[in-house]
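# Observations on the model geometry
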Amino acid sequence: MNGYSVFLLMLTVYIAVLVAISWYFNSRQKSITDFWLAGRMIGPTAIGFSAAASWLTAGGILAVVGYFMLGGMGSIWEFVAPNILALLVIAVLVRKIKSLPAITQPELLEQRYGSSIRLPIAVIITVVMTLFSVSDITGLSLVLQVFYGLDPLYAAAIIAISVSLYVTLGGLSAVIWTDVIQFSFLAIFALGMAFASVGTVADGGLNTTAISASQLFGNVPGSWWNPFSVGLPLIMILSFALIPGWITEQDPWQKVWAARDAKSASRGMVVGALMITVVFAACAVIAIALNSVYPEIAKMGFPAGMGLAEPALLNFVNTRFASAPVIIALSAIGLAAASMSCTDTFSTSGASCVSRDIFQRYIKPDATMKEMLAVNRISVIAIILAATAGSFVIPNIIDAIQIATFIASSSYFFPLMGGLYWKRATKEGAFAGMVVGFLVQVVLVALDLIKTPPLGTNYLETIHPILTGHGVIVGMTVSAIVFFGVSLMTKPSSKIHLAPFFEEEAEKLAHYEAKGVSETDKSYSAFLENVDEKITGERAHLQLNLRASGNLNWHEVTERLKISYPAWITPTGIDSVYRLTHGDMLSCVAITRGSGDRDIWLKAEPTLETVGRQKRELFTAYEELTKVLGQKNISLDFF
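Residue numbers run consecutively from 1 along every chain, following the written order of its sequence. Given that this is a predicted model, residues contribute local features only at a pLDDT of at least 70 and side-chain atom pairs are listed and counted only at 80 or more, while totals for whole chains, interfaces and linings are drawn from all residues. Only hydrogens and water are set aside; all other atoms, that is, all heavy atoms of the structure, feed into the side-chain values.

### Concerning the packing of aromatic side chains
Defined as follows: Here the aromatic set is Phe, Tyr and Trp, taking the six-membered ring for Trp, and pairing holds for ring centres within 6.5 Å; pairs whose planes are under 30 degrees apart are stacked, those over 60 apart are edge-to-face, and all others are tilted. In this scheme, a residue with accessible area under 20% of its type's maximum is buried, one over 50% is exposed, and one in between is partly exposed, where area comes from a 1.4 Å probe on protein chains only. Comment: elements are numbered from the N terminus, with helices defined as DSSP H or I runs of at least four residues and strands as E runs of at least two.
A full pass over the atoms with the stated rule returns 26 aromatic pairs. Both rings, one in Phe-483 and one in Phe-484, keep their centres 4.9 Å apart while their planes meet at 65°; by these two values the pair is edge-to-face. Residue classification places Phe-483 among the buried positions, given a relative accessible area of 0%. With a centroid separation of 6.3 Å and 40° between ring planes, the pair formed by Phe-619 and Tyr-622 is classed as tilted. Of this pair, Phe-619 and Tyr-622 both sit in helix H26 (residues 611-630), separated by three residues, roughly a single helical turn.

Quick look at the structure:
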C-alpha cells in the first residue's frame, strides 16, 4: 500500500469518527438552542479545546513557522500574540456577552438597533467567514500538494464533504466536540515535529552538522529572541489592527453563548489561550531547527523568503520520513484536522447568518427548523466553494486571515462594542459606521493587492508606516468617526432596543403581572410533566414542545399575541416572540417555530433562583398562546 492510499484510509476512518459523533448529537437535539448553541451545556475544557482549534488552521501553523524562521520572536505580532490576547480579552468580556438573548451577532445587532442593520452585518460576517476559510483551503492544498502532488481542488473536496456531513448533522455540539479531537491531532503533530526536527539536527541528519540541542538553541542570535525587535509603533499598529477584529469575531461569541455559564466560558477562553501558546511555542522550536536544516531560507529575509518558509515544515516531513509513509500520512491527517476544525467553525458561523439572519428573517419568516437546516447545509457547501475560489486569488495564507480580520475590524467593531456599552449609539450611527468602514477597508485592500509588486513590500506601507496592514488603522478611524458622529446627531435608540443590553431599561418596559398559578391545579401539573428541564451552570433551560391541530399562519399568530397581550414583543422579527415580563431577557419566555410546519417551541432560561416563577410564566405563556390559536379553532398538544 503506497503512502497516498494509507492517507486515504486514515482519512476515511477519521471522517467516519467525526460523522458518528455528529450523529450522536443529532439524535439528542430537541430545540433550536440545542442545534445552534449546543444546548448551552458546554464546559470549560471543551470550550478551551474548541476555541484553540478554531484559531489554529493548518495554513496558520505553516505560516507561523515561516514567520519564526524569518523574523524570530519579533514576528509574533503578525499572528501569534494577537491570537492569544484576543482570547484573553474575550474571557474578560464573557459576562456581558453571555447575558445577551441571541444566537448570532446580526440578531443581536437587530435587537440593539433595529431591522435595518441585520442584513448588511449578516452579509459582511458571511464574507469575513469565507475569507477565513480561504486560509484553511490554501493550507490544506499546500499540504496535499507537497506530500502527494494533488491538485488544490482535492483539498476543497475533502473539506466540503467531511465538514458538510458532520456539521449539518450535529450542529454546534458536533463542531465543539470534533474540535476536541482535531486540536488533539494538531497538538500531537506540532509537538512531535518539534522533537523530530531538533532530533534530526542533533543527529546530523539531512546534511546538517550534528550539534546538541543546547548548542542549537545557544547559537540562535540574541536579537531572534526579542519580541520587540520590530519596534513599538509596528506592534501598536498590528495590535490595534488585529485584536479588535478577533474579539468581535462571531464564532467565539457563539461558543460563549454555548457555555453552561459565564465562569465556564471565561475559563474556557483562558484554557484556549494557554493551549495555542503551547502549539506556537512548538512552532518556534521547529523554526529554530529548520533554520539549521535550510539556512538559505533565513538569509533571504522577509518577505522574499516567505514563499519557501511556509512549506519548509512540509518539505522537512516529506524528506525526513520518506521511508515512513505512515508518519507522512499521520502528519497530513493532523494538518487536515486543523483545516477542518477551522473551516467547520467558520462555515457554521457564516451559514448561521445565511439561514437564520437572511433566509428566516427576510425570505421566509415562518421557516421551520427543518427548512433552516436545509438552507444551512447548502450554505456550508457554498461558503467552502467560495473559499476555494478565493484561495486562487489570495494565495498567501496569513494575508487571507488578516484581510478578513481587517474588514471585520473596520466594519463592525465600533457598532458592536459601542452598542453593548454605550446607550447613545443609534441605528443610523451603526449603519453608517459599518458601511463606510467596510467600503473604505475593501478599497484599501484592493489598492494594496493591485499595487504591490511580487515579493515586494506592501504598496501602502511604502507611503507611510501607519498604513501597515492594508491601511486598517485608517479604515477603523473613519468607521469610528462616522459611528460616533452620526449617533450623536440622531435620535437616541428606543427603550425596546436598549432593553436586552441594559437591564435598567428592560425594567422600565417589563410587565409585572399578578396572575397566580396554583401548584395544585391539575392542568398545571399536566403541563409540568411535559416541560423539559435541564440545569446547566447558573441557569435552567425550560423547553416545551407543542404541535398545533391545524396549519399556522405565523405572522398572524405573532400579531394576535402582541395585540391581545402587551407583554409580547418581537425585537428581531417574527421568528422569535419574547414575553417581556422582567429585566433579564434570557429568563423571559420566547416562542419560535419548531422543526415541522405545525410545531411550536416555547423556551426560557431563568436563573436557578427564579425557576419556579418562570415555570409559572411559561404556563401563562402557554395559556395565552392557546387562547390566541383557539380563536382560529386550532388546539395545541404536547409532544
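### Let's talk about a nonpolar patch on the surface
For the record, the criterion: Like-charged residues are merged into a patch within 9 Å and nonpolar side chains (Val, Leu, Ile, Met, Phe, Trp, Tyr) within 5 Å, provided each residue has over 30% relative accessible area and no salt bridge. Each accessible area value is a Shrake-Rupley result obtained with a 1.4 Å probe; residue values ignore everything except the protein chains displayed when judging cover. By convention in these notes, a salt bridge is any Lys or Arg side-chain nitrogen within 4 Å of a carboxyl oxygen on Asp or Glu.
A cluster of nonpolar side chains, contributed by Leu-119, Val-123, Val-127, Tyr-362 and Ile-363, occupies part of the molecular surface with about 410 Å² of accessible area. Tallying contributions element by element places helix H7 (residues 118-148) first for the nonpolar patch, with three residues.

### Side note on the pairing of strand E4 (residues 576-579)
In plain terms, the rule: Two strands are counted as paired when DSSP detects at least two bridges linking them.
Side chains Ser-576 and Tyr-578 of E4 all project onto a buried face; the interleaved residues Val-577 and Arg-579 project onto the opposite face, where all are buried too. Note that strand E3 (residues 568-569) and E4 share two bridges and pair antiparallel. What sits directly across from Trp-568, in E4, is Arg-579. What sits between the antiparallel neighbours E3 and E4 is a turn of six residues, in which Gly-573 has the positive phi angle 90°. As paired strands, E4 and strand E5 (residues 589-593) are joined by four bridges and run antiparallel to one another. Along E5, the bridge assignment pairs Tyr-578 with Ala-590.

### Let's talk about unusual backbone geometry
The phi dihedral of Leu-206 is positive, around 55°, even though this residue is not glycine. By the secondary structure assignment, Leu-206 is in the loop between helix H8 (152-203) and helix H9 (213-218). The phi torsion at Asn-207 lies on the positive side, around 65°, for a residue other than glycine. On the secondary structure map, Asn-207 appears in the loop between H8 and H9. By relative accessible area, which is 83% here, Asn-207 ends up exposed.

### Re the environment of Gly-433
As for its position among the elements, Gly-433 is in helix H19 (residues 427-451). Exposure remark for Gly-433: the relative accessible area of 0% places this residue in the buried category. A sequence separation of 118 residues divides Gly-433 from Asn-551, and the C-alpha atoms of the two residues are 43 Å apart.

### A look at the side chain of Thr-558
This is how the line gets drawn: Whether two residues are in contact is decided by their heavy atoms: any pair within 4.5 Å suffices.
Examined against the element boundaries, Thr-558 turns out to sit in helix H25 (residues 554-564). The class of Thr-558 is buried, set by a relative accessible area of 1%. Discounting residues that sit within four places of it in the chain, Thr-558 has contacts with Ile-574 and Val-577.

### A word on the environment of Ser-410
Selection criterion: Each polar contact in these results corresponds to two N or O atoms within 3.5 Å; when the atoms are within protein, one needs to be able to donate a hydrogen and the other to accept it, and residues that are neighboring in sequence are counted only if both atoms are side-chain atoms.
In this fold, Ser-410 is placed in helix H18 (residues 397-421). For Ser-410, a relative accessible area of 0% translates into the label buried. Residues Ser-410 and Val-436, 26 residues apart in the sequence, show an inter-C-alpha distance of 8.6 Å. If sequence neighbours within four positions are ignored, Ser-410 has contacts with Gly-433, Gly-437, Phe-438, Gln-441, Val-472, Gly-475, Met-476 and Ser-479. At 3.5 Å, the side chain of Ser-410 and the backbone nitrogen of Met-476 are in polar contact.

### Brief notes about the side chain of Gln-105
Positionally, Gln-105 belongs in helix H6 (residues 105-113). Within polar-contact distance, the side chain of Gln-105 engages the backbone oxygen of Thr-248 at 3.0 Å. Apart from the residues lying within four places of it in its own chain, the contact partners of Gln-105 are Ile-125, Thr-248, Glu-249, Gln-250, Trp-253, Trp-257, Tyr-412 and Leu-416.

### Some words on the pairing of strand E2 (residues 539-548)
Within E2, nine of the ten residues are buried, which leaves the element mostly enclosed by the surrounding structure. Two strands pair when backbone bridges link them, and strand E1 (residues 532-536) and E2 are joined in this way by five bridges, in the antiparallel orientation. What sits directly across from Glu-533, in E2, is Leu-542. Linkage of E1 to E2, two consecutive antiparallel strands, is achieved through a turn of two residues, within which Gly-537 is found at a positive phi near 65°. With three bridges connecting them, E2 and strand E7 (residues 636-638) associate as antiparallel partners. Note that in E7 the partner of Leu-546 across the bridge is Phe-638.

### Section: the pattern of salt bridges
Counting across every chain of the model gives 16 salt bridges. Across the pair Glu-110 and Arg-361 runs a salt bridge whose closest N-O atoms are separated by 2.6 Å. Placement of Glu-110 in helix H6 and of Arg-361 in helix H16 (residues 325-363) is noted, with a sequence separation of 251 residues between them. Judged by its relative accessible area of 16%, Arg-361 falls in the buried class. Note that Arg-118 and Asp-357 form a salt bridge whose closest N and O atoms lie 2.7 Å from each other. Residue Arg-118 is located in helix H7, and its partner Asp-357 is located in helix H16; the two are separated by 239 residues in the primary sequence. A single network of salt bridges, built from pairs that share partners, joins Glu-110, Arg-118, Asp-357 and Arg-361.

### Quick notes on the packing of helix H4 (residues 58-71) against helix H12 (residues 262-293)
Applied cut-off: The axes are straight lines fitted to the C-alpha atoms, using for helices just the contacting stretch, and the angles between their N-to-C directions are given from 0 to 180°. Roughly parallel means an angle under 35 degrees; roughly antiparallel means over 145; roughly perpendicular covers 65 to 115; every other angle is labelled oblique. By definition, turning the near helix anticlockwise from the far helix through less than a right angle yields a left-handed crossing, and turning it clockwise yields a right-handed one. Throughout this entry, Asp, Glu, Lys and Arg are counted as charged residues, while Ala, Val, Leu, Ile, Met, Phe, Trp, Tyr, Cys and Pro are counted as nonpolar. The remaining residues, Gly among them, count as polar.
Relative orientation of the contacting elements H4 and H12 amounts to 55°, with a least axis distance of 8 Å. One finds that H4 runs oblique with respect to H12. The handedness of the crossing between H4 and H12 is right-handed. Between H4 and H12, the contacting residues are Ile-61, Val-64, Val-65, Phe-68 and Met-69 on the first element and Val-279, Phe-280, Cys-283, Ala-284, Ile-286, Ala-287, Leu-290 and Asn-291 on the second. When the residues that make up the contact of H4 with H12 are grouped by side-chain class, the tally is twelve nonpolar, one polar and no charged.

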